[in-house]
Amino acid sequence: MSQSADTAAAQAWTFFRQWLKNPIKMASITPSGQQLAGMMLAELPADARRVVELGGGTGVFTAAMLARGIAPSDLMVVELNAELSEHLRRRFPQARVVQGDARELPALAKANGFDDGVAVDAVISGLGMLSMPKALQQQIMAAAFACLRPGGRFVQFTYGPKVPVAREVVEALALDVRKGGMAWRNLPPASVYVFTRR
Ligand SMILES: C[S@@+](CC[C@H](N)C(=O)[O-])C[C@H]1O[C@@H](n2cnc3c(N)ncnc32)[C@H](O)[C@@H]1O
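Values in this document were obtained by computation on a predicted structure and should not be read as measured data. (Residues numbered from 1 in each chain as written. Predicted model: local features only at pLDDT ≥ 70, side-chain atom pairs only at ≥ 80, totals over all residues. Heavy atoms only, no water.)

Chemist: Tell me about the pairing of strand β6 (residues 175-183), and please be specific about residues and values.
Modeler: Of the pairings in the sheet, the one linking β6 to strand β7 (residues 190-197) comprises 7 bridges and is antiparallel in character. Looking at β7, one finds that leucine 175 is bridged to arginine 197. Taking the residues that link successive antiparallel strands as the turn, the β6-β7 hairpin has 6 residues. (Pairing = 2+ DSSP bridges. Helix = DSSP H or I, 4+ residues; strand = E, 2+ residues; numbered from the N terminus.)

Here it is as C-alpha cells:
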C-alpha cells in the first residue's frame, strides 16, 4: 500500500470512529473527497488571503487550502471534536487549529490572535448544517458573518437537494445564496453553496 493510500485509510478510520461516537455532529460516515475539496476551494475569492475553516474533520479541506498557497498563519481551523482537533494539530503542526464551537467564532478568533485587523475573506464550512436546528444554523452563520469582510464568502457543502440553511435564517441575516459545483464522485455526492451578505 502506498503511503498516501495508507494515510487516506487511516484518516477514514479516524473519521469513522468519531462517527460511531456522534453520528449527528459528524453528519457523514466518511471524509470529503478531493473533487468536493476542489469545488469548495474554487469558491474562494480569487485574492483570498485569510480563511477560516469550520468543522475541519480529518483535514481534507485544510490540506487543499495549504496546497493552494493559503499561508498557515492566515488559516484558522475550528473543530469541536477533541480527538479530531488533536489529529489536525498533528497533521498540520504549522496551522492554527482551535478546538471549539463554530458558534463562538469571534471569541475564538480573538483568543487565538486571529482578529489582528486582517479581514477574513472566506469561511469554508464542513459542518453538517442541514441536520442542525434552525437556531444553531443562525448562531453559526451570524458568528461567521461577524468575522467576514464586506463581500466575504461563506462556502458550505450539502448532501441534500437544496440550500442547506433554512430560508428564515437566510432572510434574518439578509444573505444572498447561489449554487456552486456538484461533486458527483463524492461519497455521497455533494453540492456547494455560497452565501454572501446582501
Ligand atoms: C461532515 S464532517 C466534515 C469534516 C471535513 N471538513 C470533511 O469535509 O471531511 C463535520 C465536522 O464538523 C465538526 N463539528 C460539528 N459541529 C461543530 C461545531 N459546532 N463547531 C465546530 N465543529 C463542529 C464535526 O466534529 C466534524 O468533524
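Chemist: If you had to explain the nonpolar core to someone new, which residues and values would you point to?
Modeler: Formed by 30 residues in total, the largest nonpolar core has its most connected members in Leu54, Met76, Val123, Met141, Phe154 and Phe195. Elements represented by at least two residues in this core include exactly β1 (51-54), β2 (75-79), α6 (105-111), β4 (120-125), α7 (134-147), β5 (148-158), α8 (167-172) and β7. Per-element tally for this core: the top contributor is α7, with 5 residues. Every residue in contact with methionine 76, bar those within four places of it in the chain, is listed here: Val51, Val52, Glu53, Arg96, Val98, Leu105, Leu108, Ala109, Asn112 and Phe114. (Core = buried A, V, L, I, M, F, W, Y, C linked by side-chain atoms within 4.5 Å. Buried < 20%, exposed > 50% of the residue type's maximum accessible area, 1.4 Å probe, protein only. Contact = heavy atoms within 4.5 Å.)

Chemist: How would you summarise the site of the ligand if you had to cite specific residues and measurements?
Modeler: Around the ligand sit 19 residues, and of these Met26, Ser32, Gly55, Glu79 and Ala102 come closest. Here a nitrogen atom of the ligand and a backbone polar atom of leucine 80 are 3.3 Å apart. Aspartate 101 is positioned such that a nitrogen or oxygen atom in its side chain is 3.0 Å from a nitrogen atom of the ligand. Bound to the protein, the ligand loses 97% of the 600 Å² it would expose on its own. When atom positions are compared with the pocket grids, the ligand is found to occupy the largest pocket. The residue inventory of the shell around the ligand, partitioned by class, reads 9 nonpolar, 7 polar and 3 charged. (Near = heavy atom within 4 Å. Polar contact = N/O pair within 3.5 Å; in protein donor to acceptor, adjacent residues only side chain to side chain. Areas by Shrake-Rupley, 256 points an atom, 1.4 Å probe, with all protein chains shown as cover. 1 Å grid on protein atoms, 1.4 Å probe; cavity = no way out; pocket = protein on both sides within 12 Å on 5 of 7 lines; lining within 4 Å. Sits in = over half its atoms within 2 Å of the grid points. Nonpolar A, V, L, I, M, F, W, Y, C, P; charged D, E, K, R; others polar.)

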